[in-house]
Amino acid sequence: MLLMTLMLAGFSLHAQGIKLISNSDNQQTLTRDQVRQIYMGAMSADKLTPLALTPTHNARVVFNIRIIGLTESRIQAYWAQMRFTGRSKPPLEFSSPEALVEHLMNTPGTIGYVPADMSIPANLKVILQVQ
């Protein structure tokens, strides 16, 4: 039964994609590695500020596995260490993709991810899409 549950969970992660969107005049696209570095505080791409969904959102699970390459618990441990040493702060979190998009529209220089099937306003740009 446990094996079947894990297989179904893996299938649902592969079935859902994400798009990384930006409110920036910069027309560049980013690689997965660049996005990972931005979200883990190791790199600032033209001062882009990363935004994230809360850990309970399925798009975050997909983003963590496919882009960051770490589980939620590993990411939380990393940010606890970064906060403790004063080196960096984790991305600002939003409880829904709609709230994240609203913040993106009103805040230039920000990037965030949403489910791939979500429509986005014309003034935001898709800079990376993972299916």
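Everything discussed here concerns the structure shown above.
Residues numbered from 1 in each chain as written. Predicted model: local features only at pLDDT ≥ 70, side-chain atom pairs only at ≥ 80, totals over all residues. Heavy atoms only, no water.

1. Regarding the pattern of salt bridges
In total, this model carries two salt bridges according to the counting rule given. Here Glu72 ties to Arg60 by a salt bridge, and the two come within 2.8 Å at their closest N and O atoms. With Glu72 in helix H4 (residues 72-85) and Arg60 in helix H3 (residues 58-68), this pair connects stretches of sequence that are twelve residues apart. The class for Arg60 is buried, based on a relative accessible area of 6%. As a salt-bridge pair, Glu93 and Arg60 come within 2.8 Å of each other at their nearest N and O atoms. Taken together, the positions of Glu93 in strand S3 (residues 92-94) and Arg60 in helix H3 put the pair 33 residues apart, joining distant regions of the chain. (Salt bridge = Lys/Arg side-chain N within 4 Å of Asp/Glu carboxyl O. Helix = DSSP H or I, 4+ residues; strand = E, 2+ residues; numbered from the N terminus. Buried < 20%, exposed > 50% of the residue type's maximum accessible area, 1.4 Å probe, protein only.)

2. Some thoughts on the nonpolar core
Of all hydrophobic cores here, the largest spans 33 residues; its most connected members are Leu20, Val35, Tyr39, Phe63, Ile67 and Ile68. Those elements that place two or more of their residues in this core are strand S1 (18-23), helix H2 (32-39), strand S2 (49-53), H3, H4, helix H5 (97-106), strand S4 (110-115) and strand S5 (125-130). The dominant element in this core, judged by the number of residues it contributes, is H3, at five residues. (Core = buried A, V, L, I, M, F, W, Y, C linked by side-chain atoms within 4.5 Å.)

3. A short note on the packing of aromatic side chains
Within this structure, the stated rule accounts for four aromatic pairs. Measuring from ring centre to ring centre gives 5.1 Å for Tyr78 and Trp79, while their planes differ by 75 degrees; the resulting arrangement is edge-to-face. (Phe/Tyr/Trp six-rings, centres within 6.5 Å; stacked < 30°, edge-to-face > 60°.)

4. Re H2
Of all the positions in H2, only Val35, Ile38 and Tyr39 are classed as buried. Buried residues along H2 cover an arc of 90 degrees about the axis, so they all sit on one side. In this fold, the buried residues of H2 make contact with S1, S2, H3, H4, S4 and S5. One or two residues past the end of H2 sits Gly41, with phi positive at roughly 80 degrees. (Arc of directions from axis to C-beta. Contact = heavy atoms within 4.5 Å.)

5. Topic: the packing of H3 against H4
Interaxial distance between H3 and H4 falls to 10 Å at its minimum, and their mutual angle equals 80 degrees. When the axes of H3 and H4 are compared, the pair comes out roughly perpendicular. Along its contact with H3, which presents Arg60, Asn64 and Ile68, the element H4 presents Glu72, Ile75 and Gln76. A breakdown of the residues in the contact of H3 with H4 according to their chemical character gives two nonpolar, two polar and two charged. (Axes fitted to C-alpha atoms, helices over the stretch in contact; angles between N-to-C directions. Parallel < 35°, antiparallel > 145°, perpendicular 65-115°, else oblique. Nonpolar A, V, L, I, M, F, W, Y, C, P; charged D, E, K, R; others polar.)

6. Observations regarding the environment of Gly109
Relative to the assigned elements, Gly109 resides in the loop between H5 and S4. For Gly109, a relative accessible area of 18% translates into the label buried. Linking Gly109 and Leu48, residues 61 residues apart in sequence, is a C-alpha distance of 4.9 Å.

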